[in-house]
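An overview of the molecular structure
The primary structure of each chain is shown beneath.
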Amino acid sequence: MFSLKFFSFIGCLCVCINLPQGFAELVLKKSIAVSTVELIKLLDVEDELVENLKGYQEVLKNKLLLIEKSLITMNTEHKEMNSDYEAYLGNPLNSFRLIHRLHTTWRKWHDYALKTNEDAIDHMKKARDMRKRLPTSLDLKIACRGINDLMSFYNLKPDELAAGNLAGYSKPQTALSAQDCLAMGEFSLQIRNEDIAVAWFNTSLARFTEDKLSYKAFKFSRQTVHTSWGLLLMKNSQLTDASNHIDRDPKELSPSPVSLHFQKELATERNCSAVYRKPSRLHCRYNSSTTPFTRIAPLKMEELSTDPYMVILHDVIYDSEIDSMLNSSKFLLSLVDAGQKSDVRASKDSNIEDIDKLENRVADMTGLNMDMSDAFSLINYGLGGHYIMHYDFFNFTNKIRKRQGDRLATVLFYLGDDDSGGSTIFPMINVTVTPKKGSALLWYNLHNSGDVNLKTIHSACPVISGSKYVLAKWINEMPQMFSNPCMKNANLHSD
């Protein structure tokens, strides 16, 4: 427990927080952080929580004691059986007991292990009911601001505060934990004091104790601190430096969503500045075999890859059609499922309706059935507009895929020439496609076996100059079951 003298010192300083006058009066009435009297009440709350946790501990200890005693009996029986299993099983009573144990007793042990004791539930309910008496996020924010003010007024450093040193008032038992320092670092980010945030992150790592058991319960690790630090560097577009902090923990079985997003951003940045080559063994030709119509009007086609199958078709959309779409479309910011602005895609979308003529043209270009396919999506990428590394396929579970199908192929029409940047890159096959007005890029997202093709990962590089317009069409696999059936363990597009 902190001394009351220390709480009085902190409480008096916290009152000096600069807030708008009207809001400040409301906060002073309700906030715990600015009142020593309210802080004293928190001591009683913590005492109750500690006692409640001790009660929960007793329940678990009794349960563990019962299991330990039962294991002694089980081990004795097991040793007798292993010493001479023929003699043991030769006794019909032993055989009966063995069958009964495995059929009934172990099932009950399983149920007992899963069942939570009612007394334990009571303790958990009490802890939940006490949440209304705990400090709020606003209280924590005000407390953080109070510590931040101490640093400003007395020129204190994070490592000094973390050690319990307050302008000559030293009390080591009040030292901050690694989690406390992380909270101060994240608050410093909120008030845009990034240099202090970095100092707090360093202090948090310095005070990190590997053998602290509570870290496991709170899912707190060095990687937690490094992730916050890495996000700060990502925000400032320092992706190379951020790579030194994101996903440093080799114990992680799978990368976190933050790590995946970062790796894709980093891959986009590095690959957009890379120089790609086009395979020399592929060639250009006229496609006159996809549909009967192409025999009359063959399409100019440039092969880019056989795995995945990828081609560019030139002059497949007219300027008049492009102008009509761009003049009549209303663009909306790219959204994610929750209706929030996307963090992975900087563009504007617009769904295009009633363009059967263009859909028939896609059918001629691909030889595929357009039923069940996604509607055309008109996408505009402005200055800096980009889309990080991603796949177009969904990779549904079998149950969903049998009902909805996956995206077999993608057709991407380029509706304008970019002055600079804006290329579509496929890093795993060393292919980059520079937008050329009137052309369309076609590739298959799935193998002929129906498996997803991981080589189709791609990205839209940021537009340096100009404005990029593309029209996307994703073709569903389900209607192709007779014209383009899946072939088990086959991949017709592989090298």
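Here the structure is a predicted model, which is why all the values come from computation and not from measurement.

**Some thoughts on the nonpolar core**
Ranked by internal contacts, the top residues of the largest apolar core, which has 29 residues, are Leu313, Met365, Val411, Phe413, Leu415 and Leu471. When residues of this core are traced back to their parent elements, those giving at least two are strand 4 (299–306), strand 5 (309–314), helix 16 (319–328), helix 17 (356–366), strand 8 (376–381), strand 10 (407–414), strand 14 (440–444) and strand 17 (468–476). Of all hydrophobic cores here, the second largest spans 19 residues; its members include Met310, Tyr414, Val470 and Trp474.

**Observations regarding unusual backbone geometry**
Across the chain, the bulk of peptide bonds are trans and the bulk of non-glycine residues have phi less than zero. Cis geometry is adopted by the peptide bond preceding Pro308, which originates at Asp307 and carries an omega value of 0 degrees. Position of Pro308 among the secondary structure elements: in the loop between strand 4 and strand 5. A positive phi angle is found at Asn155, which is not glycine, with a value near 55 degrees. The residue Asn155 is located in the loop between helix 7 (137–154) and helix 8 (158–162) in this model. Non-glycine residue Asp315 carries a positive phi angle of around 55 degrees.

**Details of a nonpolar patch on the surface**
Among the surface-exposed residues, Tyr391, Met428 and Leu454 lie close enough to one another that they form a single nonpolar patch of about 290 Å² accessible area. The exposure class assigned to Leu454 is partly exposed, which follows from its relative accessible area of 49%.

**Structural notes on the packing of aromatic side chains**
For the coordinates displayed, the defined rule picks out six aromatic pairs. Each ring, one from Phe394 and one from Phe396, has its centre 4.9 Å from the other, and the planes form 20 degrees; the classification is stacked. The exposure class of Phe396 is partly exposed, given its relative accessible area of 25%. Over the ring of Phe376 we find Lys473; its NZ or CZ atom is 4.6 Å from the centre of that ring.

**So, the packing of helix 10 (residues 194–206) against helix 12 (residues 222–235)**
Relative to each other, helix 10 and helix 12 sit at 160 degrees, their axes nearing to 10 Å. Between helix 10 and helix 12, the interaxial angle falls into the category roughly antiparallel. In the packing of helix 10 onto helix 12, the handedness of the crossing is left-handed. Two secondary-structure elements touch here, helix 10 through Glu194, Val198, Phe201, Asn202, Ser204 and Leu205 and helix 12 through Arg222, Val225, His226, Ser228, Trp229, Leu232 and Lys235. The residue inventory of the contact of helix 10 with helix 12, partitioned by class, reads six nonpolar, four polar and three charged.

**As for the pattern of salt bridges**
Within the structure shown, the criterion is met by ten salt bridges. The partner of Glu51 in a salt bridge is Lys54, and the shortest N-O contact between them spans 3.7 Å. In this pair, Glu51 and Lys54 are both assigned in helix 3 (residues 36–83), three residues apart and thus about one turn of the helix distant. On the accessibility criterion, Lys54 (44% relative accessible area) is partly exposed. Between Glu359 and Lys473 there is a salt bridge, with the nearest N and O atoms lying 2.8 Å from each other. Of the two residues, Glu359 sits in helix 17 while Lys473 sits in strand 17, which places them 114 residues apart along the sequence.

**As for the sheet that holds strand 15 (residues 458–460)**
Strands sit in the order 9-15-12-13 across an open sheet of four strands; the sheet is antiparallel. In the strand order of this sheet, the two ends are held by strand 9 (387–390) and strand 13 (431–433), each with one partner. Each strand axis lies, on average, 10 degrees off the axis of its neighbour in the sheet, ignoring direction. In terms of strand pairing, strand 12 (residues 424–426) meets strand 15 through two bridges, oriented antiparallel. Each bridged residue has a counterpart across the sheet, and for Ile425 the counterpart in strand 15 is Ser459.

**Some details on helix 17**
Among all positions in helix 17, only Leu358, Arg361, Val362, Ala363, Asp364, Met365 and Thr366 are buried. Where helix 17 ends, the next residue or the one after it, Gly367, has phi of about 75 degrees, a positive value.

**Concerning the pairing of strand 5**
Strand 5 sits mainly inside the fold: five of its six residues count as buried. Examined bridge by bridge, strand 4 and strand 5 share six bridges and lie antiparallel to one another. What sits directly across from Met301, in strand 5, is Leu313. Hairpin connection from strand 4 to strand 5: two residues lie between these consecutive antiparallel strands.

**Details of the side chain of Lys468**
Tracing the backbone shows Lys468 in strand 17. A polar contact is formed between the side chain of Lys468 and the backbone oxygen of Gly422, at a distance of 2.7 Å.

Calculation notes
Residues numbered from 1 in each chain as written. Predicted model: local features only at pLDDT ≥ 70, side-chain atom pairs only at ≥ 80, totals over all residues. Heavy atoms only, no water. Core = buried A, V, L, I, M, F, W, Y, C linked by side-chain atoms within 4.5 Å. Buried < 20%, exposed > 50% of the residue type's maximum accessible area, 1.4 Å probe, protein only. Helix = DSSP H or I, 4+ residues; strand = E, 2+ residues; numbered from the N terminus. Patch = residues over 30% accessible without salt bridge, like charges linked within 9 Å, V, L, I, M, F, W, Y side chains within 5 Å. Areas by Shrake-Rupley, 256 points an atom, 1.4 Å probe, with all protein chains shown as cover. Salt bridge = Lys/Arg side-chain N within 4 Å of Asp/Glu carboxyl O. Phe/Tyr/Trp six-rings, centres within 6.5 Å; stacked < 30°, edge-to-face > 60°. Lys NZ or Arg CZ within 6 Å of the ring centre and 35° of its normal. Axes fitted to C-alpha atoms, helices over the stretch in contact; angles between N-to-C directions. Parallel < 35°, antiparallel > 145°, perpendicular 65-115°, else oblique. Left-handed = near helix turned anticlockwise from the far one by under 90°. Contact = heavy atoms within 4.5 Å. Nonpolar A, V, L, I, M, F, W, Y, C, P; charged D, E, K, R; others polar. Pairing = 2+ DSSP bridges. Polar contact = N/O pair within 3.5 Å; in protein donor to acceptor, adjacent residues only side chain to side chain.

Functional significance is not addressed by these values, which are geometric in nature.
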